[in-house]
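# Coordinates in review
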Amino acid sequence: QQPVQSPQAVILREGEDAVINCSSSKALYSVHWYRQKHGEAPVFLMILLKGGEQKGHEKISASFNEKKQQSSLYLTASQLSYSGTYFCGTPDQGAQKLVFGQGTRLTINP
Amino acid sequence: DVKVTQSSRYLVKRTGEKVFLECVQDMDHENMFWYRQDPGLGLRLIYFSYDVKMKEKGDIPEGYSVSREKKERFSLILESASTNQTSMYLCASSDPGTGGDETQYFGPGTRLLVL
């Protein structure tokens, strides 16, 4: 079952913060985050493998709440280069595949 | 540097035509995937393959077939293209992992228009 992302779209000014949520009705074993810039391939950002884990890369970080079956992606002091569509993906239990959310479109304006 | 390539960035075909989309990866990955991407629907899995000559249906396999004769190459076939198959098609590959850590690497996509 597809995880649900919120919001579906967000528009920010450069320097503002954003939070993107990913929720599942099924138990989550891990959460993958990807970013796709316009006209490009989705690119892996990070993976969270266990409940309570937090990770960060530059000013983009994520948390994983296993009990709540959700993950959140935090973009701090956003830059123009952060614009794109963000996807979360969760493994389909027992299979070597991911199920992706519908995506969150992030637009950063100067 | 890991690389997944797709044969075409843009394709225009007519209804009823047979369409081949090719994907090649140079990472010696065992798993390969074909997704369809439509606005508001995210990435939906069409088919995937976890070994040469092996394939499994994804969430939306109807109207599609696949072929994997070599480890590095995974082809998506639209037997008789229809207008509702107009979409962006993305190929990805990954290595088998454990505990859900199979990072996927994506190709640039093929934007298909069926007239």
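For the structure itself, consult the block above.
Residues numbered from 1 in each chain as written. Chains lettered and ligands numbered in written order. Predicted model: local features only at pLDDT ≥ 70, side-chain atom pairs only at ≥ 80, totals over all residues. Heavy atoms only, no water.

### Things to note about the overall build of chain A
Each helix and strand in chain A was counted, giving 0 helices and 11 strands. The C-alpha radius of gyration computed for chain A amounts to 13 Å, which stays within 12% of the reference 13 Å derived for 110 residues, consistent with globular compactness. Seen through its C-alpha atoms, chain A measures out along the principal axes to roughly 45 × 30 × 20 Å. The burial tally for chain A puts 46% of its 110 residues in the buried class. For chain A, long-range pairs separated by at least 24 residues make up 55% of all intrachain contacts whose partners lie at least 6 apart in sequence. (Helix = DSSP H or I, 4+ residues; strand = E, 2+ residues; numbered from the N terminus. Rg over C-alpha atoms; globule rule 2.2 N^0.38 Å. Buried < 20%, exposed > 50% of the residue type's maximum accessible area, 1.4 Å probe, protein only. Contact = heavy atoms within 4.5 Å.)

### Remarks on the packing of aromatic side chains
Counted according to the given criterion, the structure contains 9 aromatic pairs over all chains. Residues Tyr34(A) and Phe44(A) carry aromatic rings whose centres are separated by 5.7 Å and whose planes lie at 70° to one another, so their mutual orientation is edge-to-face. Of this pair, Tyr34(A) sits in strand β4 (residues 31-36) while Phe44(A) sits in strand β5 (residues 43-48), and the two are 10 residues apart along the sequence. Ring geometry for Tyr35(B) against Phe106(B): centres 5.7 Å apart, planes inclined by 40°, an arrangement best described as tilted. Here the residue Tyr35(B) occupies a position in strand β4 (residues 31-38), and Phe106(B) occupies one in strand β10 (residues 105-106), the gap between them amounting to 71 residues. According to the relative accessible area criterion, Tyr35(B) is buried, its value standing at 0%. Under the relative-accessibility criterion, Phe106(B) is labelled buried at 9%. (Phe/Tyr/Trp six-rings, centres within 6.5 Å; stacked < 30°, edge-to-face > 60°.)

### So, the state of the cysteines
All names here are of chain A. On inspection of all chains with the given rule, the structure shows 2 disulfides over all chains. Two residues, Cys22 and Cys88, share a disulfide whose sulfurs are 2.0 Å apart. Between Cys22 and Cys88 the disulfide shows an S-S torsion of about 75°. By sign, it is right-handed. Note that Cys22 is positioned in strand β3 (residues 18-23) and Cys88 in strand β9 (residues 84-91), a separation of 66 residues in sequence. (Disulfide = S-S within 2.5 Å.)

### Some remarks on the pairing of strand β8 (residues 73-78) of chain B
Residue and element names in this part refer to chain B. Within β8, 5 of the 6 residues are buried, leaving the element largely enclosed by the surrounding structure. Across 6 bridges, strand β3 (residues 19-25) lies against β8 in antiparallel orientation. Bridging from a neighbouring strand, Val24 pairs with Arg73 of β8. Note: strand β7 (residues 64-70) against β8, 5 bridges, orientation antiparallel. (Pairing = 2+ DSSP bridges.)

### Here's the deal with the environment of His32(A)
On the secondary structure map, His32(A) appears in strand β4. Considering only alpha carbons, one finds His32(A) and Gln2(A), 30 residues apart in sequence, at a separation of 13 Å.

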